[in-house]
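# Per-entry structural report
One-letter residues, chain by chain:
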Amino acid sequence: MVLKASDEGKTMESNGFHTVGIGSSARKALLSALEDKRLVVGLASAVRSLAANPELYNFCFLAPFDDHGESGSHMQEVLLEAFCLEHDIYIIRVDSADKLSRLVQSPVVASCALVRKLPPKMLRRMSSAFRRSESILIEHCELYWDEPHKPVIKLPEK
């Protein structure tokens, strides 16, 4: 299942779940994390960061990565996903490693990005649009928490 990004004013429905612009919400959360320096990009960096302090992270964005048959990367992704589930970190599957890399301004193709939680004092200063975007992502993740296959969110092109 692929959920498509929609304009802020449009509603999207999947399995009875109504949300506003899930792809746009993912984009806003990633851009905000990038601006606030709360982003860890890349599989190896994500594994190291989670091993040190898993409680600091809220979201793990995973994109399909063409590893040309390399099973080691696939195993790392599976283990990363299991680790995130074990530590109550929301997993968000996105449709493209290229789009994810562009959004997080990575010079190499990134199949993974972690978003650190906001400190409480910073959360109070955040705009209501950011808080709404993050709430939409949390609601989406909660809806599919127990599903073995998470839906894939289509990130906006820009």
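Heads up: these notes are all about the structure in this document. (Residues numbered from 1 in each chain as written. Predicted model: local features only at pLDDT ≥ 70, side-chain atom pairs only at ≥ 80, totals over all residues. Heavy atoms only, no water.)

## Remarks on the overall build of the protein chain
Along the backbone of the protein chain there are six helices and eight strands. What you see in the protein chain, going N to C, is helices and strands ordered as β-β-β-α-β-α-β-α-β-α-β-α-α-β. Here the protein chain, with 158 residues, has 47% of them falling under the buried criterion. A separation threshold of at least 6 residues defines the contact pool for the protein chain, and within that pool the share at least 24 residues apart is 74%. On the protein chain, roughly 8700 Å² of surface is accessible, and the fraction owed to carbon and sulfur atoms is 53%. (Helix = DSSP H or I, 4+ residues; strand = E, 2+ residues; numbered from the N terminus. Buried < 20%, exposed > 50% of the residue type's maximum accessible area, 1.4 Å probe, protein only. Contact = heavy atoms within 4.5 Å. Areas by Shrake-Rupley, 256 points an atom, 1.4 Å probe, with all protein chains shown as cover.)

## Here we look at the nonpolar core
Leu-30, Phe-61, Ile-92, Leu-100 and Leu-137 are the most contacted members of the largest nonpolar core, which totals 23 residues. Breaking this core down by element, the ones donating at least two residues are helix H1 (22–35), strand E5 (57–62), strand E6 (90–94), helix H4 (97–103), strand E7 (112–116) and helix H6 (128–143). Per element, the largest residue contribution to this core is five residues, and it comes from H1. Non-local contacts of Leu-100, meaning those with residues more than four positions away in its chain, are made with Leu-30, Phe-61, Ala-63, Val-94, Ala-110, Ser-111, Cys-112, Ala-113 and Leu-155. In terms of nonpolar packing, the next biggest core, distinct from the first, is built from 13 residues, Leu-43, Leu-50, Leu-80 and Cys-84 among them. (Core = buried A, V, L, I, M, F, W, Y, C linked by side-chain atoms within 4.5 Å.)

## Focus on the pattern of salt bridges
Summed over the entire model, instances satisfying the criterion amount to five salt bridges. With a closest N to O distance of 3.5 Å, Arg-38 and Asp-36 form a salt bridge. For Arg-38, a relative accessible area of 4% corresponds to the buried category. Relative accessible area serves as the criterion here: at 22%, Asp-36 is assigned to the partly exposed category. The partner of Glu-157 in a salt bridge is Lys-99, and the shortest N-O contact between them spans 3.3 Å. One end of the pair, Glu-157, is in the segment after strand E8 (152–153); the other, Lys-99, is in helix H4, and 58 residues separate them in sequence. Classification of Glu-157 by relative accessible area gives exposed; the value is 55%. A single network of salt bridges, built from pairs that share partners, joins Asp-95, Lys-99, Arg-102 and Glu-157. (Salt bridge = Lys/Arg side-chain N within 4 Å of Asp/Glu carboxyl O.)

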